Amino acid sequence: MKTFKMISVEVIQESGVLAFPLFDGIIINQENSHRLWVLELFIDAKHKDIMEKWKVEETLLTVRVVISYPGNEPASFDVAVENWRQIGDRISVLMKGRLKRVRSKYPEHLLEELIDEGLEGDALLEQFQTAMWDRPKLKRDTELDEKTKL
């Protein structure tokens, strides 16, 4: 098994992206024949109703998780809420699922946004290199987030 620090987690829905600010989180690659991963989120208890709904309905969720460093590209998983437990004013949420082998096309979308901003030549190259290192949220993702604020 391998364990990683979870930096951020977002649930992708048809209506947009639901971001769950983490107090803490880990992700475990079980390295078994089923290729299962375990995600444990420590989040605000105000989210317990949605977690209970997803658990009871056995909802299959697509989540994007940034692992280890804020600059890493998010990994996508198909998961289900296995359980949650209240701890003070927070909840610990246990999810299990599989890694999706989907490339996000972040570089292509970033380049498209920079060109749309009118950048070209050396300025485009410099801004692209900086943004690939810093990994700012893309405008297209920010617009989805605005539609689905928690």
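To be clear, the structure that these remarks concern was listed above.
What counts, and at which threshold
Residues numbered from 1 in each chain as written. Predicted model: local features only at pLDDT ≥ 70, side-chain atom pairs only at ≥ 80, totals over all residues. Heavy atoms only, no water. Phe/Tyr/Trp six-rings, centres within 6.5 Å; stacked < 30°, edge-to-face > 60°. Helix = DSSP H or I, 4+ residues; strand = E, 2+ residues; numbered from the N terminus. Buried < 20%, exposed > 50% of the residue type's maximum accessible area, 1.4 Å probe, protein only. Lys NZ or Arg CZ within 6 Å of the ring centre and 35° of its normal. Arc of directions from axis to C-beta. Axes fitted to C-alpha atoms, helices over the stretch in contact; angles between N-to-C directions. Parallel < 35°, antiparallel > 145°, perpendicular 65-115°, else oblique. Left-handed = near helix turned anticlockwise from the far one by under 90°. Contact = heavy atoms within 4.5 Å. Nonpolar A, V, L, I, M, F, W, Y, C, P; charged D, E, K, R; others polar. Core = buried A, V, L, I, M, F, W, Y, C linked by side-chain atoms within 4.5 Å. Pairing = 2+ DSSP bridges. Salt bridge = Lys/Arg side-chain N within 4 Å of Asp/Glu carboxyl O.

A. A look at the packing of aromatic side chains. This structure, assessed with the given rule, holds four aromatic pairs. Arranged with centres 6.1 Å apart and planes meeting at 80°, the rings of F20 and W54 form a pair that is edge-to-face. Taken as a pair, F20 in the loop between β2 (16–19) and β3 (24–29) and W54 in helix α1 (residues 48–56) lie far apart in primary sequence, 34 residues in all. Both residues of the pair, F20 and W54, belong to the buried class. For the ring pair W37 and F77, a centre distance of 5.2 Å and an interplane angle of 65° mean the geometry is edge-to-face. With W37 in strand β4 (residues 36–44) and F77 in strand β6 (residues 75–87), the pair connects residues that are 40 residues apart, well separated along the chain. Each member of the pair W37 and F77 is classed as buried. A network of ring pairs unites the aromatic residues F4, W37 and F77 as a single cluster. Over the face of the ring belonging to F23 we find R90, whose NZ or CZ atom lies 3.5 Å from the ring centre.

B. The arrangement of helix α2 (residues 106–116) in detail. Turning to α2, its buried residues number three or more, namely Y106, P107, H109, L110, E113 and L114. What you see down the axis of α2 is that its buried residues fit within an arc of 165°, all on one side. Directly beyond the C-terminal end of α2, a positive phi value near 90° is found at G118.

C. Up close: the packing of α2 against helix α3 (residues 121–134). Taken N-terminus to C-terminus, the directions of α2 and α3 make an angle of 140°; their axes are 10 Å apart at the nearest point. What the angle tells us is that α2 and α3 run oblique. In this structure, α2 meets α3 at a crossing whose hand is right-handed. Contacts from Y106, P107, L110, L111, L114 and I115 of α2 reach α3 at L124, Q127, F128, A131 and M132. In terms of residue class, the contact of α2 with α3 is built from ten nonpolar, one polar and no charged.

D. Looking closely at the nonpolar core. Membership of the largest hydrophobic core comes to 24 residues, with the highest contact counts inside it found for L39, M51, V63, V65 and M95. Those elements that provide at least two residues to this core are β1 (2–13), β4, α1, β5 (61–67), β6 and β7 (90–99). When neighbours within four sequence positions are excluded, M51 is seen to be in contact with F20, I43, V81, W84, I91, V93 and M95. Grouped together as the second largest cluster of nonpolar side chains are six residues, Y106, L110, L114 and L124 included.

E. The arrangement of the environment of G25 in detail. For G25, the location among the structural elements is in strand β3. With relative accessibility at 4%, the residue G25 sits in the buried group. For the pair G25 and V56, spaced 31 residues apart in sequence, the C-alpha to C-alpha distance is 22 Å. Residues contacting G25, with those up to four places away along its chain left out, are F4, K5, M6 and E40.

F. Looking closely at the pairing of β6. Judged from the five bridges that link them, β5 and β6 form a sheet pairing that is antiparallel. Of the residues in β6, the one forming a bridge with T62 is D78. Joining the antiparallel neighbours β6 and β7 is a turn of two residues, in which G88 adopts a positive phi near 65°.

G. Inspection of the pattern of salt bridges at higher detail. Evaluation of the coordinates by the stated rule reveals five salt bridges. A salt bridge links D24 to K5, with the nearest nitrogen and oxygen atoms 2.6 Å apart. Placement of D24 in strand β3 and of K5 in strand β1 is noted, with a sequence separation of 19 residues between them. Assessed through its relative accessible area of 36%, D24 is described here as partly exposed.

Keep in mind these values describe shape, not function.
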